[in-house]
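Summary of the model geometry
In case you want the letters, here they are:
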Amino acid sequence: MTATVPPAPSENPIPDPAGRVELPPGAVLTDARFVNDDLLPVPLARRRWTTYNFTALWVGMAHNIPSWLLASGLVALGMDWKQAVFTIALANVVVLAPMLLTGHAGPKYGIPFPVLARASFGLRGANLPAMIRAGVACAWFGIQTWIGGQGIFVLLGKLFGGWAEASEVGGQPWTLWVCFLLFWALELAIIYRGMEALRRFENWAAPFVIVGALVLLVWVANKAGGLGPLLDQPSKLGWGADFWPVFFPSLMGMIAFWSTLSLNIPDFTRFGAGQRAQVWGQTLGLPTTMTLFALLSVFVTSGSQAVYGAAIWDPVELAAKTDNVFGLLFALVTVLVATISVNIAANVVSPAYDLANLAPRFITFRTGALITGVVGVVIMPWKLTETPELYIFTWLGLVGGLLGTVAGILIADYWIVRRTRLDLTDLYTPGGRYWYTSGWNVHAVVAFAVGGVLAVGGSHSAPGKGPFPQDGLIPFLKPLADYGWAVGLAASLVVYVALTAGRRRV
């Protein structure tokens, strides 16, 4: 396929005052192995996402059921609510740094993550990090869709008697399968309309979900006559020697929760009106929203403990306890909007671009989104969520380590080696400066291998609780396993810079 960039309005356009770059007027890129319209840089005229758009994007993504449940996992490990909220807040401040660093290339060059990865990994090598990111996203898409479908199923069960007692198919009520498939189809229908439709959806979804969470807080606080006893419970770990061995692995797990987006955030920032929009939008949207949501989850759960005698961390289960039809409908819509907003943005956009990068001639953004939807069902997310020890805890550690490794290479190449200077044409041209050795940059592969081994080589599981040996895959690396994301990012960054020393270039 041949992709042509529309000519600029003037033959001698004025340089962009914000330092943004686009392909030369009338440029033609002809190699269909590396080009399609979805992978081309966004023209300057279409880079118009504002600070509010990016803030709304993060508010919409952060307000979801798994985010709500993060604090409960930390409390279950022995933290009190203050320690849990502190851990979540710190993790999101930490992960914001690589988010802003990798996001810089979006407004400046208008390119998505897999095209940015070509600068460091090579035109062909970029498929390595892109497929890792795509695989993670497909799995999370299936899980989030299943969780959303379950939420709809529970709430509809309150509205329609006998809904949950329907005959079973494949071990689940057929009504649950209907909820899952309808929710799945709704998500794909929205993303199929493109990124502009996603921007408009996030703009109104963000404030709606905030209102929904606050309504839940007011409702449970009113029933409890206060926020309940959970806020008075002391930490089982204290702040001494028992706390830190739990804190650092938990911090890495919380970082890993959004480490996926720290790679592919250019998929969104490429539509930004400038660096100010993406920097302020993400700074205002990510750490603040996640911290506020953690506080809300703690307060609401504390109220539920006072009302029902036990802490109910699942917001769907709590909302289902009301007998008010309007309240149930409102909760149903809130669950729908909250889950759709995070799942489409976090788990469909990235693999859509990543799969398009794999075979641009055959796969467009829309085709990639449909493939993601199919894979999300094929992996059987209802099975994965049955074994949290095997999947959630192991998954976050492995994902965090590998994605941190890729992030280290991207940051090292873009900021240290190239000083943010890229040649747009060569990012789509075989034989150019990013072709390296037959399309692969050996330095990036070596840095990825070293960082990856150090990050996840010590992965270990308690007896009967996971797939790894108790002493770790590589025993002497076991002490590093709890810090996988940080180890992977630092190691790959240092190795890549060392291998490319003296090769500062565009």
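The rules behind the values
Residues numbered from 1 in each chain as written. Predicted model: local features only at pLDDT ≥ 70, side-chain atom pairs only at ≥ 80, totals over all residues. Heavy atoms only, no water. Helix = DSSP H or I, 4+ residues; strand = E, 2+ residues; numbered from the N terminus. Rg over C-alpha atoms; globule rule 2.2 N^0.38 Å. Buried < 20%, exposed > 50% of the residue type's maximum accessible area, 1.4 Å probe, protein only. Contact = heavy atoms within 4.5 Å. Lys, Arg positive; Asp, Glu negative; His and termini not counted. Charge placed at Lys NZ, Arg CZ, Asp CG, Glu CD. Expected span 1.5 Å × (residues − 1). Phe/Tyr/Trp six-rings, centres within 6.5 Å; stacked < 30°, edge-to-face > 60°. Salt bridge = Lys/Arg side-chain N within 4 Å of Asp/Glu carboxyl O. Patch = residues over 30% accessible without salt bridge, like charges linked within 9 Å, V, L, I, M, F, W, Y side chains within 5 Å. Areas by Shrake-Rupley, 256 points an atom, 1.4 Å probe, with all protein chains shown as cover. pLDDT = per-residue confidence, 0-100. 1 Å grid on protein atoms, 1.4 Å probe; cavity = no way out; pocket = protein on both sides within 12 Å on 5 of 7 lines; lining within 4 Å. Points joined across faces, edges and corners; volume = space filled by probe spheres on them.

What about the overall build of the protein?
Counting its regular elements, the protein contains 19 helices and four strands. For 506 residues, the compact-globule formula gives about 23 Å, and the C-alpha radius of gyration of the protein, at 23 Å, lands near that figure. By its C-alpha atoms, the protein is 70 × 50 × 45 Å across when sized along the principal axes. Burial analysis of the protein (506 residues in total) assigns 57% to the buried set. The contacts in the protein between residues at least 6 apart in sequence include a share of 82% that link residues at least 24 apart. When the 31 basic and 26 acidic side-chain charges of the protein are each reduced to a single mean position, those positions are 8 Å apart.

Some details on helix H9 (residues 244–264)
Between its terminal C-alpha atoms H9 stretches 31 Å, which fits the 30 Å expected from 21 residues at 1.5 Å a residue. For H9, the tally of buried residues reaches 17 of 21 residues, placing the bulk of the element in the interior.

Looking at the packing of aromatic side chains
For the structure shown, the criterion picks out 19 aromatic pairs. Ring geometry for Trp-146 and Trp-177: centres 5.5 Å apart, planes at 50°, overall tilted. Of this pair, Trp-146 sits in helix H6 (residues 127–159) while Trp-177 sits in helix H7 (residues 174–191), and the two are 31 residues apart along the sequence. Since its relative accessible area comes to 2%, Trp-146 is described here as buried. Considering the side-chain rings of Trp-239 and Phe-243, the 4.9 Å spacing of their centres and the 50° angle between planes classify their relative orientation as tilted.

Looking at the environment of Leu-181
Examined against the element boundaries, Leu-181 turns out to sit in helix H7. A C-alpha to C-alpha distance of 9.2 Å links Leu-181 and Val-377, two positions 196 residues apart in sequence.

Some details on the side chain of Asp-354
Structurally, Asp-354 is set in helix H14 (residues 349–358). The buried charged residue Asp-354 lacks any salt bridge, with Arg-133 as its nearest oppositely charged partner at 5.5 Å. Among residues more than four places away in sequence, those in contact with Asp-354 are Phe-113, Pro-114, Ala-130, Met-131, Arg-133 and Ala-134.

A look at the environment of Ser-120
Looking at where Ser-120 falls in the secondary structure, it is placed in helix H5 (residues 113–121). The exposure class of Ser-120 is buried, given its relative accessible area of 1%. Spatially, the C-alpha atoms of Ser-120 and Ile-409 are 7.1 Å apart, while their sequence positions differ by 289 residues. Contact partners of Ser-120, with chain neighbours within four places excluded, come to Ile-409, Leu-410, Asp-413, Tyr-436, Asn-441, Ala-444 and Tyr-496.

Things to note about a nonpolar patch on the surface
Taken together, the side chains of Phe-86, Trp-239, Trp-244, Phe-248 and Tyr-483 define a hydrophobic patch exposed on the protein surface, amounting to about 500 Å² of accessible area. The residue Phe-248 is located in helix H9 in this model. A relative accessible area of 32% means that Phe-248 is categorised as partly exposed.

Concerning helix H19 (residues 484–499)
Over its 16 residues, H19 runs 22 Å from end to end, which matches the ideal 22 Å to within 8%, given 1.5 Å per residue. Every buried residue of H19 is listed here: Gly-484, Trp-485, Val-487, Gly-488, Leu-489, Ala-491, Ser-492, Val-495 and Tyr-496.

Points about the pattern of salt bridges
Applying the stated criterion to the full structure yields five salt bridges. For Arg-33, the salt bridge is made with Asp-31, and the minimal N-O distance between the two is 2.7 Å. Asp-423 serves as the salt-bridge partner of Arg-433, at 3.4 Å between the closest nitrogen and oxygen. Placement of Arg-433 in the loop between helix H17 (389–417) and helix H18 (442–456) and of Asp-423 in the loop between H17 and H18 is noted, with a sequence separation of ten residues between them. Under the relative-accessibility criterion, Arg-433 is labelled partly exposed at 40%. Under the relative-accessibility criterion, Asp-423 is labelled partly exposed at 21%. A network of salt bridges, in which partner residues are shared, links Asp-423, Asp-426 and Arg-433.

What to know about the confidence of the model for the protein
Predicted confidence across the protein gives a mean pLDDT of 83, with 91% of residues reaching 70 or more. Predicted confidence in the protein is weakest over strand E1 (residues 3–4), with a mean pLDDT of 46, and strongest over H5, with 96. Every residue in residues 1–14 scores below 50 in pLDDT, and together they form 25 contacts with partners more than four places removed in sequence or on other chains.

As for empty space enclosed by the protein
Using the criterion set out here, one finds one cavity of 30 Å³ or more in the structure. As a volume, the largest cavity reaches approximately 110 Å³. What lines the largest cavity is Asn-64, Trp-140, Gln-144, Phe-257, Trp-258, Thr-260, Leu-261, Val-342, Ala-346 and Asn-347. Looking at the lining of the largest cavity, the elements with two or more residues in it are H6, H9 and helix H13 (325–347). Ranked by residues supplied to the lining of the largest cavity, first place goes to H9 with four residues.

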